[in-house]
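Inside the fold
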Amino acid sequence: MSNNIYADEFAIGKAKSETCLGCHAIPGYNNVYPTYKVPKLAGQHADYIVSALKAYQNNERQHPTMHANAMGLSEQDMKDIAKYFESLK
Amino acid sequence: MRNLKKILIIMILIPSSLLSAGDYNSGKEKSQICAACHGVDGISQIKTYPILAGQHKNYLVHSLKGYRSGERKNIIMKGFAENLSDQDIEDLSVYFSMQKGLTIPPLK
């Protein structure tokens, strides 16, 4: 039973993360102006990912693409996405 | 004229290659202060602080410069980053990027 709940959470998080993968899952993919590689997320702490998404949402961290993406996320979405990336160790 | 060209080329090439390299051992030494929050080798035990191990070097550079300038707002990190030179940032970023940790998520 508990395994099923875990599997469901994982599937939900994975589904919600699809948009992220377009940039974060491409090896060597660059942000431009300025140029730097899009950060690695697999294995990152979920709590930190949630705080980063909130910082993008309220512009404490300025990044137009991440701001736009974060604006569309509920608190639950952020947690689901963050747990998914954290689980990829 | 040829010599002038050579000199110009050397002037362009040398500083960028020297400054952007970053030194692993210097980075390791300078990273001791980071370890209190980000863990030894960049694996933080405090879940609200990011794991740095294995992160892309130039993303770490971008982050630290953002904290230093205040563009990325974080009062704790600003305090530390304000004291870092460009060379310190290069060294630290090389060190943490070369630790085993974060990876790129799978596409499927």
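Attention in this report is confined to the structure presented alongside it. (Residues numbered from 1 in each chain as written. Chains lettered and ligands numbered in written order. Predicted model: local features only at pLDDT ≥ 70, side-chain atom pairs only at ≥ 80, totals over all residues.)

1. Side note on the nonpolar core
In globular proteins that are soluble, nonpolar side chains generally tend to be buried together. By size, the foremost hydrophobic cluster in this structure holds 14 residues, and its most contacted members are Leu52(B), Ala53(B), Leu60(B), Leu64(B) and Phe96(B). The set of elements that each furnish at least two residues to this core consists of α4 (57-69) and α6 (86-97) of chain B. Tallying contributions element by element places α6(B) first for this core, with 5 residues. Excluding residues that lie within four positions of it along the chain, Phe96(B) makes contacts with Ser31(B), Gly42(B), Leu52(B), Ala53(B), Gln55(B) and Leu60(B). Membership of the second largest hydrophobic core comes to 13 residues, among which are Ala46(A), Ala52(A), Ala70(A) and Tyr84(A). (Core = buried A, V, L, I, M, F, W, Y, C linked by C-beta atoms within 7 Å. Buried ≥ 20, exposed ≤ 12 C-beta atoms within 10 Å, placed from the backbone. Helix = DSSP H or I, 4+ residues; strand = E, 2+ residues; numbered from the N terminus. Contact = placed C-beta atoms within 7 Å.)

2. Focus: unusual backbone geometry
Following Tyr33(A), the chain continues to Pro34(A) via a peptide bond in cis, the omega torsion being 0°. With respect to the element layout, Pro34(A) can be found in the loop between β1 (30-31) and β2 (36-37). Positive phi is not limited to glycine here, since Tyr33(A) has a value of about 55°. The residue Tyr33(A) is located in the loop between β1 and β2 in this model. Phi is positive for Asp41(B), close to 65°, though the residue is something other than glycine.

By themselves these figures say nothing about function.
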